[in-house]
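Single-letter residue listing:
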Amino acid sequence: MKCSKNRLRPSTLFLFLCFFLSALGFRIVNATGSLSQQLGLRTGGDIYQAACAACHGPDGHGTSQKTAGFDAPDSFPHFDKCEETSPEYTRDYTAVVRNGGPARGFSQIMPAFREVLTPDEIDEVVRYLRSLCKETSWPRGELNVPRALVTEKAFPESETILTTATNTRGPASVSNELSYEKTLGKHDQLEVAVPFGWMHQPGGGLGAGLGDIAIGEKHVLFSRLNSSPEQPVYASTGSILSIQGEITLPTGNVGKGLGEGETVFGVFAAYDVVLPADTFVELQAGGDFPLHIHDAPRSVFFNSAFGKIISRNFGRQWTPMFEVLAHRDLTPGAVTDWDVLPEFQVTLNRRQHVRAAIGLRIPVNNTAERPKQVVAYVLWDWFDGGLREGW
């Protein structure tokens, strides 16, 4: 028998039912089980095929406009494209399935399922969504810990960061750095850092100008996510290790104190560990090696950050962190400079791809020569959308 052109498929009917129940705020969980259990939907894949495939497609790539009945927004996900989904946080997927698209600044076309699916069923659906990416070698978003103010993290990203540091005493100075980062495939990232600022001049006043531009490439050597069926994916632990090489060009104005006047080669390793209870550790160690050591000394450094993500019902994230920083010039009689840096990061918008952090860098030794600094940044993860999107 030929089907009517306007006849709805069972999966579409189930989707409309979810819309209706969510709007009413009617919680269908009782002694006989949730709605999906009553309908015989036992696994995350079963629920996805019944409630999600009408829009997102049976393979996660999305359905046509003719089939879905609406024009897909620019932010419409393709769950089978690893380059799109792997860097994302499972926590964000869970928030959207639970609370609907607007909860994360996405389209209202995506309904909330918290009234018709239990938390465990939502976790199973999200676990199934994650499985639609078949290339397991991509680093997973759960390993992308919040960015510290100084310590570089191991995860490759596509984002832009403006960092500012200001002395709390002594000669006035404001140093800034605009960093552009872009992922290159599964394991690599290009980074360009452009410093600029204003420095107090011996003759009085402030001198403004460009600093020494740095260009680097990061490569992930190892990443592992430890997840189990007994816990949500966003509660997984794991670790990631990467290395980065960079070259700093003498583009700054040495006379104004805005550069070293020497080409410098740098290398470092970064290792991040994701621990239970939304805690994490970031470790970074490396060195800077100028082309001519009579103009600038060789040096080594070690940075570390410890933090915890705090959020309620998958909402705004507050991340207090504490950094311990060490730096030593490789010259006779040099001592190691130690700093501590208490700080916190906060997500500014609902999509959480615009963030800010602020902290106070405090010298532990050589305090007469090294004043305290207020350090802050604004971060835009442009991979997740435009700067004005998701508010």
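The structure under discussion appears in the preceding block.
If you're wondering where the values come from, they're calculated on a predicted model, not measured in any experiment.

Peer 1: Please explain the pairing of strand 14 (residues 354-363) as it appears in this structure.
Peer 2: In summary, the side chains of a regular strand alternate between the two faces of the sheet. In this sheet, strand 14 lies alongside strand 13 (residues 337-347) in antiparallel orientation, the contact comprising seven bridges. Across the sheet, V340 pairs through a bridge with I362, a residue of strand 14. Where strand 13 folds back onto strand 14 in an antiparallel hairpin, the turn is made up of six residues, including Q352, whose phi is positive at roughly 70 degrees. Of the strand pairs in this sheet, strand 14 and strand 15 (residues 373-380) are connected by eight bridges, and their pairing is antiparallel. Bridged to A357 within strand 15 is Y377.

Peer 1: Honestly, the pattern of salt bridges in this entry has me stumped. Any pointers?
Peer 2: Opposite charge on two side chains makes pairing possible when the charged atoms of those side chains draw close. Under the defined criterion, the tally for this structure stands at 13 salt bridges. Across the pair E159 and R147 runs a salt bridge whose closest N-O atoms are separated by 3.1 Å. One end of the pair, E159, is in strand 3 (residues 159-167); the other, R147, is in the loop between helix 8 (119-131) and strand 3, and 12 residues separate them in sequence. A residue is classified by how much of its surface remains accessible, and E159, at 1% relative accessible area, is buried. Here R370 ties to D339 by a salt bridge, and the two come within 2.5 Å at their closest N and O atoms. With R370 in the loop between strand 14 and strand 15 and D339 in strand 13, this residue pair connects regions lying 31 residues apart in the sequence. A network of salt bridges, in which partner residues are shared, links D337, D339, R361 and R370.

Peer 1: What exactly am I supposed to notice about the packing of helix 3 (residues 44-51) against helix 8 here?
Peer 2: Helix packing for two helices is described by the angle between their axes and how far apart those axes are. The interhelical angle for the contact between helix 3 and helix 8, taken along N-to-C directions, is 85 degrees, at an axis separation of 8 Å. Regarding the angle of helix 3 to helix 8, the classification is roughly perpendicular. The residues of helix 8 that touch helix 3, namely those facing G44, G45, I47, Y48 and Q49, are E121, E124, V125, Y128 and L129. Along the lines of polarity and charge, the residues of the contact of helix 3 with helix 8 split into five nonpolar, three polar and two charged.

Quick notes on the rules
- Residues numbered from 1 in each chain as written.
- Predicted model: local features only at pLDDT ≥ 70, side-chain atom pairs only at ≥ 80, totals over all residues.
- Heavy atoms only, no water.
- Pairing = 2+ DSSP bridges.
- Helix = DSSP H or I, 4+ residues; strand = E, 2+ residues; numbered from the N terminus.
- Salt bridge = Lys/Arg side-chain N within 4 Å of Asp/Glu carboxyl O.
- Buried < 20%, exposed > 50% of the residue type's maximum accessible area, 1.4 Å probe, protein only.
- Axes fitted to C-alpha atoms, helices over the stretch in contact; angles between N-to-C directions.
- Parallel < 35°, antiparallel > 145°, perpendicular 65-115°, else oblique.
- Contact = heavy atoms within 4.5 Å.
- Nonpolar A, V, L, I, M, F, W, Y, C, P; charged D, E, K, R; others polar.

Any functional reading would require information beyond the geometric quantities listed.
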